[in-house]
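Structural features, examined
What follows is the residue order along each chain.
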Amino acid sequence: MATKKTTAAHEYSFFNSVERSFDKAAKFTKFDKGLLEQIKACNSVYQMRFPVNIRGQVQVIEAYRVQHSHHKLPCKGGIRYSTAVNQDEVMALAALMTYKCATVNVPFGGGKGGIKINPKDYTVEELERITRRYAAELVKKNFIGPGIDVPAPDYGSGEREMGWILDTYQAMRPGEIDSAGCITGKPIAQGGVRGRKEATGLGVFYGIREMLSNVEDMKKLGMTTGVEGKRVAVQGLGNVGYHAAHYFHANGAIVVGLSEMEGSIFNPKGLDVEAVMACRRETGSILNYKHATKTTKKASDVLECDCDILIPAALENVIDGSNAAKVKAKIIGEAANGPLTPEADEILLKKGAVVVPDMYLNAGGVTVSYFEWLKNLSHVRFGRMEKRFQEGAHANMLNTVESLTGKKVSAAERKLIAHGPDEVDLVYSGLEDSMIVSYNEIREMRLSNKKITDLRTASFANAINKIGDSYLQLGIFP
Ligand code: NAD
């Protein structure tokens, strides 16, 4: 069954809306119809049903793994745990992964998985049983492996689930030297990389910060440059939303609105993100946060609040034809996958707002997953070989400067300058670079043709060009 979104004018599925964006952008690329059809198609769809014993009763679990594109291997994409999971949604998310990887120059094809359950309905032991059985199904059908398809966390899953999947894979494929690379987003102790957990939210921050740094673009929006003082609202305080809100808050933005399932909270003077999270952990609801000036029980109210930057970070289709006109933000940063319908896109474009598309903005997760995979294949922690060497070289340089000038640097300055990179420093640096380079590629693509009026079309065109070129290298297309 498809994720149908009905509005007065249209009914379309999530996959259709990805295809619609693709078709709009394909006009600006150089490829013929056959090649474009191949890029657009989902290569493999594996729908499965498996039994799991839940409190003495057999429950048949519905699950999926989709490999959208094999133009580069392995395929890459998270596993979603949600009752809303269906084939159409997983196909759409897998397709987005293909374009996302191309956008941030990560050499993978797109994939996605989904298990149709609400994780909150199960105990930890039951979730482990479901996850391990799902992993076993993937192994049986050769739908997982460091060179085949490498899942990661998504909505409803995290490093705990990735750890279970790795363990199941290793139990079924003993002796595989690169087996840790069969999954990313793992706990550090099982071969994960430092910085992966916060990567998507941090990438959202880096992406918007890069956009805000452009004087010309900000002038067009009637905004000043820089993060400081910008009013930000975030929907969804899970892995992506919380980290995005955290980095905006930590870098001087004013977080004026936050929302979770239970409702929305506001304060034009700013909400303390860490305190809101602590309140939710302790009381079960953000609505109990004392320093909000307004609280409402509608999670979607945050989307319409008075702010400069809106970050939808929960699920798809939350802004559509019915509420897009009420969005006040000038910049909408798609931290979630597919939070805007095509109708919402059109309405916001007409209003003069800028949408920073998901396939670029939330690509920080897959970028750092790529680093994790590289770490697993190389079997060495980033920084292990060079950290001490660089510290020594920097110290020698400082000593030379001191002896030549006769001046001493302070202990604090010495620590700052001589510090050799740890794994997390290198991961952040690689992520920051990827987000900056990719933003400017997309921006240039948009400026290259007057008919490209939005960043989503520019992102798609940029990604299609890269994927098309790699298909052409196969020599099977004229
Ligand atoms: P998550 O499960 O950690 O968090 C999602 C949060 O949104 C939950 O806390 C949930 O309660 C909340 N939520 C759900 N519906 C809501 C609503 N209507 N209003 C307000 N809050 C609501 O999931 P996540 O990993 O943060 O993923 C969020 C989105 O980001 C998804 O679209 C996912 O596909 C996308 N994404 C995630 C990653 C990643 O690395 N985790 C990477 C790229 C994209």
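Our subject is the structure listed above.
Residues numbered from 1 in each chain as written. Predicted model: local features only at pLDDT ≥ 70, side-chain atom pairs only at ≥ 80, totals over all residues. Heavy atoms only, no water.

Let us now look at the nonpolar core. Formed by 93 residues in total, the largest nonpolar core has its most connected members in Tyr99, Ile311 and Ile331. The leading source of residues in this core is helix H3 (residues 87-103), at eleven residues. A domain split of this core shows at least three residues from each of domain 1 (44-190) and domain 2 (199-361). Apart from the residues within four sequence positions on either side, Ile331 is in contact with Ile208, Met211, Leu212, Met218, Leu221, Met223, Asp308, Ile309, Leu310, Val354 and Val356. If you look at the next biggest cluster of nonpolar residues, it comprises 27 residues, including Tyr46, Ile54, Val139 and Ile165. (Core = buried A, V, L, I, M, F, W, Y, C linked by side-chain atoms within 4.5 Å. Buried < 20%, exposed > 50% of the residue type's maximum accessible area, 1.4 Å probe, protein only. Helix = DSSP H or I, 4+ residues; strand = E, 2+ residues; numbered from the N terminus. Domains from an automatic or database assignment. Contact = heavy atoms within 4.5 Å.)

Take the site of the ligand next. Around the ligand, a shell composed of 21 residues is seen, among which Arg80, Asp154, Thr200, Glu260 and Asn337 lie nearest. Take Gly156: an N or O atom from its main chain is 3.0 Å from an oxygen atom of the ligand. Between an oxygen atom of the ligand and a side-chain N or O atom of Arg196, the distance comes to 3.5 Å. A total of 830 Å² of accessible area belongs to the ligand in isolation, and the protein chains cover 88% of it. For the shell around the ligand, the elements supplying multiple residues, two or more each, are helix H6 (196-212), helix H8 (239-250) and strand E9 (254-260). Residues from two domains meet in the shell around the ligand; each of domain 1 (44-190) and domain 2 (199-361) gives at least three. (Near = heavy atom within 4 Å. Polar contact = N/O pair within 3.5 Å; in protein donor to acceptor, adjacent residues only side chain to side chain. Areas by Shrake-Rupley, 256 points an atom, 1.4 Å probe, with all protein chains shown as cover.)

A separate point is the sheet that holds strand E3 (residues 44-54). Strand pairing within a sheet occurs via backbone hydrogen bonds; the two strands may be parallel or antiparallel. Taking strand neighbours across the sheet as the criterion, the five strands line up as E3-E4-E6-E5-E7 in an open arrangement whose pairing is mixed. In the strand order of this sheet, the two ends are held by E3 and strand E7 (149-153), each with one partner. Direction aside, neighbouring strands of the sheet carry axes that sit 25° apart on average. Sheet topology places E3 next to strand E4 (residues 57-67); eleven bridges connect them, and they run antiparallel. Each bridged residue has a counterpart across the sheet, and for Ile54 the counterpart in E4 is Gln57. With respect to the sheet, H3 is in contact with E3, E4, strand E5 (75-81) and strand E6 (109-115), its orientation differing from that of E6 by roughly 150°. (Pairing = 2+ DSSP bridges. Axes fitted to C-alpha atoms, helices over the stretch in contact; angles between N-to-C directions.)

Quick look at the pairing of E6 now. When you tally the buried positions in E6, you get seven out of seven residues, the bulk of the element. Side chains of E6 alternate between two faces, with Gly109, Gly111, Gly113 and Ile115 and Gly110, Lys112 and Gly114 buried alike. In terms of strand pairing, E5 meets E6 through five bridges, oriented parallel. In the sheet register, Tyr81 faces E6, and the bridge partner there is Ile115. A crossover links E5 with its parallel partner E6, the connecting element being H3, and its sense is right-handed. (Right-handed = clockwise from strand over helix to strand, strands pointing away.)

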